[in-house]
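Structural characterization, general
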Amino acid sequence: MSQETKIRTALISVYHKDRINEIAAILTRLGVKILSTGGTFDFLKNLGFDVTAVENITSYPSILGGRVKTLHPKIFGGILYRRELDSDLRELEKYNIPPIDLVIVDLYPFEKTVVSTTDQEEIIEKIDIGGISLIRAAAKNFRDVLIIPSAAQYDQLIDLLNAKQGFTNLEERKYFAAQAFNVSSHYDTQIFGYFNRFSDIPTFKKSIGISHPLRYGENPHQQGLFFGDLDAIFEQLHGKAISYNNLVDIDAAIALISEFSEPTFVIIKHTNACGVASRSALRQAWTDALACDPVSAFGGVIVANRTIDLETAEEMNKLFFEILIAENFEEKALELLKSKKNRIILRQKPVILPDRQFKSVLNGVIEQEKDMKTEQASDFRQVTKKGLSEEEIPDLIFANKIVKHQKSNTIVLVRNRQLAGCGVGQTSRVDALKQAILKAGEFNLDLTGAVMASDAFFPFADCVEIAYEAGIRAVIQPGGSVRDADSISFCDEHDMSMVFTGTRHFKH
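Here we summarise the structure given alongside this text. What you are looking at is a predicted structure, and each value in this text was computed from that prediction instead of being measured.

Our next topic: the overall build of the chain. When you go through the chain residue by residue, the secondary structure sums to 19 helices and 25 strands. Over its C-alpha atoms the chain spans a radius of gyration of 31 Å, topping by over 25% the 23 Å that the globule rule assigns to 508 residues. Counting the 508 residues in the chain, one finds 49% classified as buried. Here the contacts in the chain between residues at least 6 apart in sequence split such that 57% fall between residues at least 24 apart. Accessible surface, the chain as shown: approximately 25400 Å² in total, 51% of it carbon and sulfur. The centroid of the 58 positive side-chain charges in the chain is displaced by 5 Å from the centroid of its 67 negative side-chain charges.

Put into structure tokens, the structure is as follows:
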């Protein structure tokens, strides 16, 4: 520990005033002079504290509707002067500048204002100028000044003041300076993000101030952190802490279930769906989703878009699974599902998720819009002589929703709004189809009259030939191959239907 200094004068200018009275009481007990302005001054004065208005130091009132209060050489000189330089000390004396050793700031809530209103004037007025300047000045001069940059650090300040009786050392001040620049950089990033909605400047800036330590990353030898507000998306009702791999699978599960409006179950394993079914009754949706691949479902992530009732929970409880996500749970159903100690149970909250996604590659980051397109029957372009039956249309829509969320190359087979087989992450589309057919056969799922969806075009007719031999009679694909005619001709010769969507759904 080094460079112990005593706090003699504190400047307090905060938006959130919870616990400020407690801080002011400690400072008063320690003999610290308190300077303040605006609403903070009124707040402390009304509580009976001996507080000096900044205006009395600067001889300037708060002007321009409160836009300018602390921006004055007597304030910033008191923060920024170098205690070890005689020249700085002489200038302080010459201009009657009071030393300031502690700065407590809490900025205008710009980020919350953007979320709560579209009124641009209100949003702009929540861009803090004086506060952010105080933070940067005090943090820059951390060798002598302690900066408390937000309400999040109030508790730490109270502990420090009580423990050290108004003294701080260099290491402590440097720690809070780092916190200060974290606050200021996050604040500026949010402001830039707001303005860039209208400018679209191509730059990558993200700042997430909430973090959750994870047990480890993808593997035990890798460290892991989640940056984001999980509490805004889920209420965890039961189970152990969520892991890195859990989060990746949960993300995939939420993305896929959002495609469906009917009562639906989705079972995810390693980000891919191994079971999906939509039915009028939730219990039947569960039974049929599990039947798709009960082997892969073991230890999987399950999501439903309805309230889990006791009857459904009784069937689900027979299977070991890692995570269950639903919009709600009947009381008795939840009690039963909690019988497994480590099972993670999440209640999903209504929330709008970001429409862009990014990940690190090489020495940079790639960013893109999320794949938000979901084809309906109106997007189909019939390319074969034979049209679609009324039963095939909903199955093709169902299959295309699933294929969009599976790892490429992928083929999805569907019959009666139930995933019958899928091949994912293959190096050839033929291999993906063969894997899908093999899966269907392994679990006795009849492909007679099933439909097939592909995430990208067929470069040759081999996939439709194999599909025909398996009993498939309708196909949905993007189209766009120079040899589309080969697949179309085969379908026409074998009484198969095929539609193009014109949209590829690669997922790497």
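Taken as a whole and judged by the stated rule, the model has 11 aromatic pairs. When the centroid spacing of 5.0 Å and the interplanar angle of 75 degrees are considered together, the rings of Phe204 and Phe358 count as edge-to-face. With Phe204 in the loop between α10 (170-199) and β8 (211-213) and Phe358 in strand β18 (residues 356-361), this residue pair connects regions lying 154 residues apart in the sequence. The class for Phe204 is partly exposed, based on a relative accessible area of 35%. Residue Phe358 is classed as partly exposed on the basis of its relative accessible area, which comes to 43%. Through a chain of ring-to-ring contacts, three or more aromatic side chains come together here, namely Phe110, Tyr187, Tyr194, Phe195 and Phe198. It is Lys205 that lies over the ring of Phe192; its NZ or CZ is 5.7 Å from the centre. Above the face of the Phe321 ring, Arg343 is positioned so that its terminal group lies 4.1 Å from the ring centre.

Strand order across the open sheet formed by five strands is β4-β3-β2-β5-β6, with parallel pairing between neighbours. This sheet does not close on itself; its edge strands, each paired only once, are β4 (51-53) and β6 (146-148). Pairs of neighbouring strands in the sheet enclose a mean axial angle of 20 degrees, with direction left out of account. In the packing of helix α8 (residues 130-140) onto the sheet, the strands contacted are β2 (9-14), β5 (102-106) and β6, and the crossing angle to β5 comes to about 145 degrees.

Attention now moves to the nonpolar core. Ranked by size, the top nonpolar core spans 56 residues in total, and within it Ile23, Leu27, Ile75, Ile79, Leu102, Val103 and Ile104 carry the most contacts. Here this core gets seven residues from one element, more than from any other, and that element is α10. The residues touching Ile79, leaving out its near neighbours within four places in the chain, are Leu11, Ile100, Val103, Leu134, Ala137, Ala138, Asn141 and Val145. Phe234, Val303, Ile344 and Phe380 belong to the second-largest nonpolar core, a separate cluster that totals 41 residues.

Mapped onto the elements of the fold, Phe110 is located in helix α6 (residues 110-116). Here Phe110 falls in the buried class, since its relative accessible area comes to 1%. Between the C-alpha atoms of Phe110 and Ile127, which are 17 residues apart in sequence, the distance is 6.0 Å. In this view, Phe110 contacts Ile123, Lys126, Ile127, Tyr187, Gln190, Ile191 and Tyr194; residues no more than four positions away in its chain are not counted.

Taken together, six strands build an open sheet; the order of strands is β20-β25-β24-β23-β21-β22 and the sheet is mixed. In the strand order of this sheet, the two ends are held by β20 (381-382) and β22 (419-423), each with one partner. One ladder, built from four bridges, connects strand β21 (residues 411-414) with strand β23 (residues 451-454); its direction is antiparallel. Residue Ile411 lies in a different strand from β23, and its bridge partner there is Ser454. On top of the sheet, helix α17 (residues 429-442) reaches β21, β22 and β23; it is set at about 145 degrees to β22, its chief contact.

Under the 1.5 Å per step criterion, the end-to-end length of helix α16 (residues 392-403) is 16 Å for 12 residues, consistent within 8% with the ideal 16 Å. Most of α16 is tucked away: 10 of the 12 residues are buried.

With that out of the way, let us pick up the pattern of salt bridges. For the structure shown, the criterion picks out 22 salt bridges. Close ionic contact of Lys164 with Glu172 constitutes a salt bridge, the shortest N to O distance being 3.1 Å. A salt bridge links Glu322 to Lys240, with the shortest nitrogen-to-oxygen separation between them at 3.7 Å. Of this pair, Glu322 sits in the loop between α14 (310-316) and β15 (323-326) while Lys240 sits in the loop between β10 (234-238) and α11 (244-257), placing them 82 residues apart in sequence. Taken together, the shared-partner salt bridges connect Arg283, Glu311, Glu315 and Lys318 into one network.

A separate point is unusual backbone geometry. Glycine aside, a negative phi is what most residues show, and trans is what most peptide bonds show. With an omega of -15 degrees, the peptide bond between Ser408 and Asn409 qualifies as cis. Note on placement: Asn409 falls in the loop between α16 and β21. Unusually for a residue other than glycine, Arg19 sits at a positive phi of about 75 degrees. On the secondary structure map, Arg19 appears in the loop between β2 and α1 (20-29). Phi angles above zero are rare outside glycine, and Asp495 is one such case at about 60 degrees. Secondary-structure assignment places Asp495 in the loop between α19 (484-493) and β25 (497-500).

Thresholds applied
- Residues numbered from 1 in each chain as written.
- Predicted model: local features only at pLDDT ≥ 70, side-chain atom pairs only at ≥ 80, totals over all residues.
- Heavy atoms only, no water.
- Helix = DSSP H or I, 4+ residues; strand = E, 2+ residues; numbered from the N terminus.
- Rg over C-alpha atoms; globule rule 2.2 N^0.38 Å.
- Buried < 20%, exposed > 50% of the residue type's maximum accessible area, 1.4 Å probe, protein only.
- Contact = heavy atoms within 4.5 Å.
- Areas by Shrake-Rupley, 256 points an atom, 1.4 Å probe, with all protein chains shown as cover.
- Lys, Arg positive; Asp, Glu negative; His and termini not counted.
- Charge placed at Lys NZ, Arg CZ, Asp CG, Glu CD.
- Phe/Tyr/Trp six-rings, centres within 6.5 Å; stacked < 30°, edge-to-face > 60°.
- Lys NZ or Arg CZ within 6 Å of the ring centre and 35° of its normal.
- Pairing = 2+ DSSP bridges.
- Axes fitted to C-alpha atoms, helices over the stretch in contact; angles between N-to-C directions.
- Core = buried A, V, L, I, M, F, W, Y, C linked by side-chain atoms within 4.5 Å.
- Expected span 1.5 Å × (residues − 1).
- Salt bridge = Lys/Arg side-chain N within 4 Å of Asp/Glu carboxyl O.

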